[in-house]
Each structure stands twice: as structure tokens, then as C-alpha cells.
Amino acid sequence: MTYTGLDLLNNPFLNKGTAFTKEERKANKIEGLLPPFVQTLDQQVAQAYEQYGKKPTPLAKRMYLMDLFNENRTLFYKLFSEHVYDFMPVVYDPTIADTIENYSHFFLDPQNAAFLSIDDQEDMEASLKNAAGDRDIKLIVVTDGEGILGIGDWGLQGVDISVGKLMVYTAAAGVDPKSVLPVVLDAGTNNKELLNDDLYLGNHHERVTGDNYYAFVDKFVALAEDLFPDMYLHFEDFGRDNAANILNKYKDQILTFNDDIQGTGIITLAGILGALNISKEKFTDQVYMSFGAGTAGAGIAKRIFDAMVEEGLSEEEARKHFYLVDKQGLLFDDTEGLTPEQKPFTRSRSEFANADELTSLEAAVKAVHPTILVGTSTQPGTFTESIIKEMAANTARPIIFPLSNPTKLAEAKAEDLLKWTDGKALVATGIPVDPVEYNGVTYNIGQANNALVYPGLGLGAMAVNAKLLSDGMINKAAHSLGGIVDPEEAGAAVLPPVSKLDEFSMTVAMGVAQQAIDEKLTDAKDAKKAIDDIKWEPKY
Ligand SMILES: NC(=O)c1ccc[n+]([C@@H]2O[C@H](COP(=O)([O-])OP(=O)(O)OC[C@H]3O[C@@H](n4cnc5c(N)ncnc54)[C@H](O)[C@@H]3O)[C@@H](O)[C@H]2O)c1
Ligand SMILES: O=C(O)C[C@H](O)C(=O)O
Ligand SMILES: [Mn+2]
């Protein structure tokens, strides 16, 4: 289809704004619809960056960038690619949390998303077709908004996480923005604030659950597969009761990925391997404690467990290294309300003289002496000074990752963790953190956020159009992030810096694509060529 006139200027995938040449303006019936001076992309970028710099807050900056995104994707991504480090916390986490909480009130533009309602399922096929238009969709990020970051149920407003995750795919890994589709499944919301808000743009009823909910998800997956057969389907921020069920249902049938379970597992494993490169300790000697054992917490534990088994431990031996702490305290095999994902990692009460007292993180840390403590609890400030000092008293280089997002929910601040452990802690955080000065050393803080890995993983899998996302491909991604940071340098980070996100996304993509070829999950033969062929760059 050829777009001309205002249809062209209003199409963000094709619009070049003031960069349309005189010839293009004539040929496309837009002469006189733009100021006469023809700009280069670089001039447009300079102008946009100047305006960006004048916005007073991260939220104002994000809203300005979203305007740009709505107008002209090429310009948006050119600017983003030149300022990845600065823009990540503005475009993505943590600022995205503010726009999700206020989505209905801020609403201006649907951003080419598909809004699928459980109440209008007969429209689903048309909705997906309408949203795709004449674009060839290769990547969908879908959410139902029930477990947005750690801020809970935001119903339809969660669509912003689908849009935001996709932005990072393009900025980090060069996924063609024309080939992506953000989707929200609106099954209702249990957020009272939204249900009582006349301006809320989603379904004003409680969440539909059980068979009707799963039938809705099934219908979406089947239609999306049918309409877009080469698609990579990324699930994001589903609730704890559904996320793993959905992944388990589809992962052996289609090319699909759950970011909170698998992406977080990969980046946390990579961070632990990075930390052990610094401390020179052995992976299979570690004692792992998870605080918060929901979608992410249990997903991470499973990945670390699988890696220990790959290192040669039997499953039984490996299991002995894991301790999960959730609302109930340390999880035992007879604890009430265990999820299926928690069950493999529960302990027996007979292992402890004081098992009934292990109902808090502090008691569990005292009893177990973990060497690794990962927070995915959504409970801010819960890694207290006394807990961290207790941990540090029993291990030389405690590995401590407070991963709950956004910033206001983090279990601890990196600078406190370093101070409380006299610089010994090996820290990574979920959100970006500036380097910490302590006792004359500059500590770089790794960001253990799945955004460091899902773009490369997805690009690699999409480039070769893999049949499935295998454990081997996932494992390869986790092992692709080493070798970038010099572990001998004082204050070295446990993960590579976000400023090199585009570079190491390619390493991840190459590893993943090659693994798919080796496992015969694709007809492609040449990983590099497949990636070069699919990779998009922002230029006119
Ligand atoms: N850094 C990353 O890449 C990354 C990735 C995914 C999730 N996360 C963060 O992890 C957090 C959890 O996300 P999720 O998707 O697993 O959510 P979830 O709701 O599935 O899990 C949260 C878990 O924490 C538990 N919990 C709540 N209060 C607790 C308490 N007082 N003590 C102990 N446990 C408690 C809940 O029972 C639940 O099991 C969020 O803040 C999210 O932003 C970070
Ligand atoms: O969105 C993020 O920043 C990471 C993660 O997927 C989360 O849910 O917190
Ligand atoms: Mn998430």
C-alpha cells in the first residue's frame, strides 16, 4: 500500500517529517504540508535532543519522547540509539511505572497496540488485523496487566509495559519497529482505584478467572499464531497464578518466552556468574536464598538450579543449595499455600531445631547463612542492616541482588549494601544505579534487569525463526554476558554496563541463533547472516 498526503505524515512507521526531500514531497502529495527547509536526520536528532534536555523531570522527558515516538519511529530510535544509557530509565523502568499508573488520565495515542477485551472476543481477529495493518508482525509483547513490575494489578493500563518492552527490543537489538505489535488482554482488574475511576479506559469489572480466562488466552494465542506464523510471543507481567501455567502450556508448542520467569532467570544467573568471576568462588559451593518466591523468584531459582545440575550436581544435591522465603517465612514442604513452582525447593522442618521460628527473612538468614540473597519480594527496605551484616559475617563476598522494581520497591539501596558490608558485597539492582564511592573505590553497580538480555535472546530466536525457545538457547544467553567486564578491576560490576547494551545484545543474539542451529530447531544455516538480514537501523 502506498501512503500519500496526511496519511503518510500521520504514519509513524513511514513519516520522515521535515526530512522528506523536495522530490519526495512532490511525489507523495505533501508539498506545502511541511516547513520548506529540508532537514537531515542528524539535524532532527539535534533539535529533538535540545527539547528533551529542557524537560524538567523524567516523566516530562518520557512524555516528550512518546510524542516523538507517535510521530516518527525512525527519529525516535535514532535519538534513543545515541543515548541508550540516559534514556533507558526514562523510556523504560522506573519512569514507565508512572505512566502505567496514570495511563487512562494521560491517554493521547493508542501507539499501534491491540486492545483485546474478554467481553468482545468475537472482535479479536479483526482487532489483531486492524492493529497490524499491512505490517508483517514478527514479535508480540502481550500482558494482561495483573502483575506489573512490583506495583500490582493495573488492568488495561499495563499496555504501556508491552509498548515499553518493545521499545527496548529495537533500541538494544535492532528489532524492526514495523514488525512488532504490543497487545493487552483486558480480562478486567481487581484494582479498586481503577474500578472506581470514571476515566479508567479498561473493562470496569473484576478479573475473569479460571476456565473462561484461560480460554481467552488460548483464543488469543491461536489467532496470533494463525495470523502471524513466524512470530515470537513474549509474555510480560502476568499474575503469579497464571504466568507459569501459561508458559508451561505453550513453551513446547510455539516459539514463546516469559520475561519475568525466563528473562529474569537468565540475567540473574549471568550476574551470579559475574560475581563469582570477581570473588573466584565456585558456583556449586553457593547457598542460594530467594526473598519473594513468586513468578520471578521461583523462575530464577529454577534457572540457577538447572545451571548447578549442568555443572555436574545431581538434582538431589543441587536442591540442597536452595532456600525460598516468601510471606509465610522459609518455605517448608508442609507450608500452606505453596505454588507448584515453589514446591521443588521447599525444605523439611526436621533440618532445623527451630523450624517454627523461621517465619522472617532475618530468622532464615541466621539459620541458613546464605552466600547469595536475591530479592523479588516487592517489599522495600527489607534487606536491613542487621540482616545484611549477619549475612556478611558468614561469607567473604556476599552476593546480594535487590531486584524488585521500580525504585520505590527495591529491597535495599546499593550504597547501603556496600557500606554495611565494608565494600565486600557483590551487588546488582533491578533499576539503574549510579556508581557508588566507598573508601576511595568506585563501585560500578550491575543492572540485573531482564532488559539486558531479552532483546538479544529474542533477536537471535527470531532471526533464525526457531521452532521453540529451548533450555539450551536460554542457557547460551546466560553465558553470553561474561567476558565484557574486567573482574580484576577494583569495584568491577557483576554485569556489563547498559551503555554497551547494543553491543552485547548482538553477542547474545549470535549465541542464541547458533544454539538453535546446533539443536536443529531451524532451517537456517548461518547465524550471522540471519541476524544481519533481520537487523534494522534507524535511517531514512
Ligand atoms: N530485575 C528484573 O529484571 C525483574 C524481573 C521480574 C520481576 N522483578 C521484580 O520482582 C518483583 C516480583 O515480581 P514477580 O513478577 O515475581 O511478582 P509476584 O507477585 O509473582 O511475586 C512476588 C512474591 O513476593 C511475595 N511477597 C509479598 N510480600 C512478601 C513479604 N512481605 N515477604 C516475603 N515475600 C513476600 C509474594 O507472596 C510473591 O510470591 C517485582 O518488584 C518485580 O518488579 C524484577
Ligand atoms: O520491567 C522491568 O523493569 C523488569 C521486570 O520485567 C519487572 O517486571 O520488574
Ligand atoms: Mn516484568
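Attention here is on the structure that accompanies the text. Remember, predicted model here, so these are calculated numbers, not experimental data.

### Thoughts on the nonpolar core
Inference 1: Leu65 and Tyr232 are the most contacted members of the largest nonpolar core, which has 102 residues in total.
Inference 2: In terms of residues, this core owes the most to one element, helix H22 (residues 501-518), which gives 9 residues.
Inference 3: Dropping the residues within four chain positions of it, Tyr232 is found in contact with Lys138, Leu139, Ile140, Tyr169, Leu255, Phe257, Leu457, Gly458, Ala461, Met462 and Leu469.
Inference 4: Listed in part, the 33 residues of the second largest apolar core include Ala114, Met124, Ile140 and Tyr213.

### Focus on the environment of Val485
Inference 1: Within the secondary structure, Val485 is located in the loop between helix H21 (471-479) and H22.
Inference 2: On a C-alpha basis, the gap between Val485 and Asn277 in space is 9.7 Å, while along the polypeptide they are 208 residues apart.
Inference 3: Once residues lying within four places of it in the same chain are set aside, the contact partners of Val485 are Ala492, Ala493, Leu495 and Pro496.

### Things to note about the sheet that holds strand E9 (residues 372-375)
Inference 1: What the 7 strands build is an open sheet, ordered E8-E7-E6-E9-E10-E11-E14; its pairing is mixed. The sheet terminates laterally at strand E8 (329-330) and strand E14 (446-447), the two strands that pair on one side only.
Inference 2: Pairing of E9 with strand E10 (residues 399-402) involves 4 bridges; the strand directions are parallel. Each residue of the ladder has a partner; that of Leu373, found in E10, is Ile400.
Inference 3: In the packing of helix H17 (residues 361-368) onto the sheet, contacts are made with strand E6 (288-291), strand E7 (322-326), E8 and E9, and the angle to E6 comes to roughly 175 degrees.

### Topic: the site of ligand 2
Inference 1: Lining the immediate surroundings of ligand 2 are Tyr92, Asp93, Leu149, Lys165, Glu236, Asp237, Asp259, Asp260, Asn405, Asn449 and Asn450.
Inference 2: One of the side-chain nitrogen or oxygen atoms of Lys165 is found 3.0 Å away from an oxygen atom of ligand 2.
Inference 3: Take Glu236: an N or O atom from its side chain is 2.9 Å from an oxygen atom of ligand 2.
Inference 4: For ligand 2, the accessible surface in isolation is 260 Å², of which the surrounding protein chains cover 91%.
Inference 5: By residue class, the composition of the shell around ligand 2 is 2 nonpolar, 3 polar and 6 charged.

### Quick word on the sheet that holds strand E3 (residues 180-186)
Inference 1: The 5 strands are arranged E1-E3-E2-E4-E5 in an open sheet whose pairing can be described as parallel. Unpaired on one side and paired on the other, strand E1 (114-117) and strand E5 (256-258) mark the two borders of the sheet. Looking at each pair of strands side by side, their axes are set apart by 20 degrees on average, direction ignored.
Inference 2: Two elements, strand E2 (residues 139-143) and strand E4 (residues 232-235), share 4 bridges in a ladder whose sense is parallel. Each residue of the ladder has a partner; that of Ile140, found in E4, is Leu233.
Inference 3: The strands touched by helix H10 (residues 159-173) within the sheet are E1, E2, E3, E4 and E5, with E2 carrying the most contacts at an inclination of about 150 degrees.

### A look at the site of ligand 1
Inference 1: The local shell around ligand 1 holds 24 residues, among which Arg240, Thr295, Ala296, Asp326 and Asn450 are the closest.
Inference 2: Gly150 is positioned with one of its backbone polar atoms (N or O) 3.3 Å from an oxygen atom of ligand 1.
Inference 3: Contact distances for ligand 1 include 2.9 Å between a nitrogen atom and a backbone N or O atom of Ala448.
Inference 4: Contact with the protein chains covers 87% of the free accessible surface of ligand 1, which is 850 Å².
Inference 5: Elements with a contribution of two residues or more to the shell around ligand 1: helix H14 (259-279) and helix H15 (295-310).
Inference 6: Residues of the shell around ligand 1, tallied by class, amount to 6 nonpolar, 14 polar and 4 charged.
Inference 7: A domain-level breakdown of the shell around ligand 1 finds at least three residues from each of domain 2 (95-254) and domain 3 (262-449).

The rules behind each value
Residues numbered from 1 in each chain as written. Chains lettered and ligands numbered in written order. Predicted model: local features only at pLDDT ≥ 70, side-chain atom pairs only at ≥ 80, totals over all residues. Heavy atoms only, no water. Core = buried A, V, L, I, M, F, W, Y, C linked by side-chain atoms within 4.5 Å. Buried < 20%, exposed > 50% of the residue type's maximum accessible area, 1.4 Å probe, protein only. Helix = DSSP H or I, 4+ residues; strand = E, 2+ residues; numbered from the N terminus. Contact = heavy atoms within 4.5 Å. Pairing = 2+ DSSP bridges. Axes fitted to C-alpha atoms, helices over the stretch in contact; angles between N-to-C directions. Near = heavy atom within 4 Å. Polar contact = N/O pair within 3.5 Å; in protein donor to acceptor, adjacent residues only side chain to side chain. Areas by Shrake-Rupley, 256 points an atom, 1.4 Å probe, with all protein chains shown as cover. Nonpolar A, V, L, I, M, F, W, Y, C, P; charged D, E, K, R; others polar. Domains from an automatic or database assignment.

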